[in-house]
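Here's the letter readout for the chains.
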Amino acid sequence: MTDQRPLGFWLKLVDRLIDDRFADTLEEHGVTRRQWQLLNVLSRGPATGAELDAALAPFLSAVDGETVAEHLAELVDSGWVALSPSGYSLADPGRIALTALASTVAKTRALTADGISEQRYAEALETLERMARNLGWTDPVPTPPAE
């Protein structure tokens, strides 16, 4: 039997592959992955800059100095996101774009989980969440109740 690769190897590899695949998929449509994530957060309702920073914090590269503000600026300039004194909200063009991109993203997500049962996928997510909590992570955004 060969030595099994450690958890960290698989986590970093899968994370990089997911990032690369989504970046390629979304780039074809003129959107970055972070912009896609911002559109999704705003599809749930208006948010302040601080709320958007918190929602995307786990995904931003501190090494590259990546910020939510740079991704938001392009969305505001394009008219997809509206800025008001109370924060940011999804504008109609952004809502239309989000709907149009949803099937493309769904195909990429399906490819990622191909050959994995719903039960095993759910167990993998639960396991990773438990590991994160064991290492001190707490969710800054409460999980919405299942419908």
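Residues numbered from 1 in each chain as written. Predicted model: local features only at pLDDT ≥ 70, side-chain atom pairs only at ≥ 80, totals over all residues. Heavy atoms only, no water.

Moving on to the environment of Ala97. Tracing the sequence through the fold places Ala97 in helix α5 (residues 92–112). In sequence terms Ala97 and Arg133 are 36 residues apart; their C-alpha atoms lie 35 Å from each other. (Helix = DSSP H or I, 4+ residues; strand = E, 2+ residues; numbered from the N terminus.)

Let us now look at the side chain of Arg33. Following the sequence through the fold, Arg33 ends up in helix α2 (residues 33–43). Overall, the relative accessible area of 18% leaves Arg33 in the buried class. Not counting the four nearest positions on each side in its chain, Arg33 is found in contact with Ile18, Asp19, Phe22 and Leu26. (Buried < 20%, exposed > 50% of the residue type's maximum accessible area, 1.4 Å probe, protein only. Contact = heavy atoms within 4.5 Å.)

On to α5, then. With 21 residues, α5 extends 30 Å from end C-alpha to end C-alpha; this agrees with the ideal 30 Å at 1.5 Å per step. Of all the bends in α5, the largest measures some 35 degrees and sits at Ala102. Within α5, the full set of buried residues consists of Gly94, Ala97, Leu98, Leu101, Thr104, Val105 and Thr108. Its buried side turned inward, α5 meets α1 (7–27), α2 and β2 (87–90). (Expected span 1.5 Å × (residues − 1). Bend = angle between axes of the 7 residues up to and from the residue.)

Regular strands have side chains that alternate between both faces of the sheet. When strand β1 (residues 81–84) meets β2, the two strands line up antiparallel, connected through four bridges. Across the sheet, residue Leu83 finds its bridge partner in β2, namely Tyr88. (Pairing = 2+ DSSP bridges.)

Throughout the structure, instances matching the rule amount to one aromatic pair. When the centroid spacing of 4.9 Å and the interplanar angle of 85 degrees are considered together, the rings of Phe9 and Trp10 count as edge-to-face. In this structure Phe9 comes out as partly exposed when scored by relative accessible area, which is 34%. Note on Trp10: relative accessible area 41%, which makes it partly exposed. (Phe/Tyr/Trp six-rings, centres within 6.5 Å; stacked < 30°, edge-to-face > 60°.)

With that settled, the discussion passes to a nonpolar patch on the surface. A cluster of nonpolar residues, Leu7, Leu11, Leu128 and Met131, forms a patch on the protein surface that exposes about 310 Å² of accessible area. At the level of secondary structure, the elements contributing two or more residues to the nonpolar patch comprise α1 and α6 (118–134). Summarising the element assignment, Leu11 is placed in helix α1. (Patch = residues over 30% accessible without salt bridge, like charges linked within 9 Å, V, L, I, M, F, W, Y side chains within 5 Å. Areas by Shrake-Rupley, 256 points an atom, 1.4 Å probe, with all protein chains shown as cover. Salt bridge = Lys/Arg side-chain N within 4 Å of Asp/Glu carboxyl O.)

Where α1 contacts α5, the two axes come as close as 10 Å, and the packing angle between them is 155 degrees. When the axes of α1 and α5 are compared, the pair comes out roughly antiparallel. Seen from above, α1 lies across α5 with right-handed handedness. When α1 is examined against α5, the residues Ile18, Arg21, Phe22, Thr25 and Leu26 are found in contact with a partner set consisting of Leu101, Thr104, Val105, Thr108, Arg109, Leu111 and Thr112. In terms of residue class, the contact of α1 with α5 is built from six nonpolar, four polar and two charged. (Axes fitted to C-alpha atoms, helices over the stretch in contact; angles between N-to-C directions. Parallel < 35°, antiparallel > 145°, perpendicular 65-115°, else oblique. Left-handed = near helix turned anticlockwise from the far one by under 90°. Nonpolar A, V, L, I, M, F, W, Y, C, P; charged D, E, K, R; others polar.)

Attention now moves to the pattern of salt bridges. Oppositely charged side chains may form a pair once their charged atoms are brought near each other. The tally for this structure, following the rule as stated, stands at four salt bridges. Of the charged contacts in the structure, one is a salt bridge between Arg33 and Asp19, with a shortest N-O distance of 2.3 Å. Placement of the pair is Arg33 in helix α2 and Asp19 in helix α1, with a sequence separation of 14 residues. For Arg34, the salt bridge goes to Glu66, with nearest N and O atoms at 3.7 Å. Of this pair, Arg34 sits in helix α2 while Glu66 sits in the loop between α3 (49–56) and α4 (68–77), placing them 32 residues apart in sequence. The exposure classification of Arg34 matches that of Glu66, with both residues buried. Put simply, Asp19, Arg33, Arg34 and Glu66 are held in one network by salt bridges that share partners.

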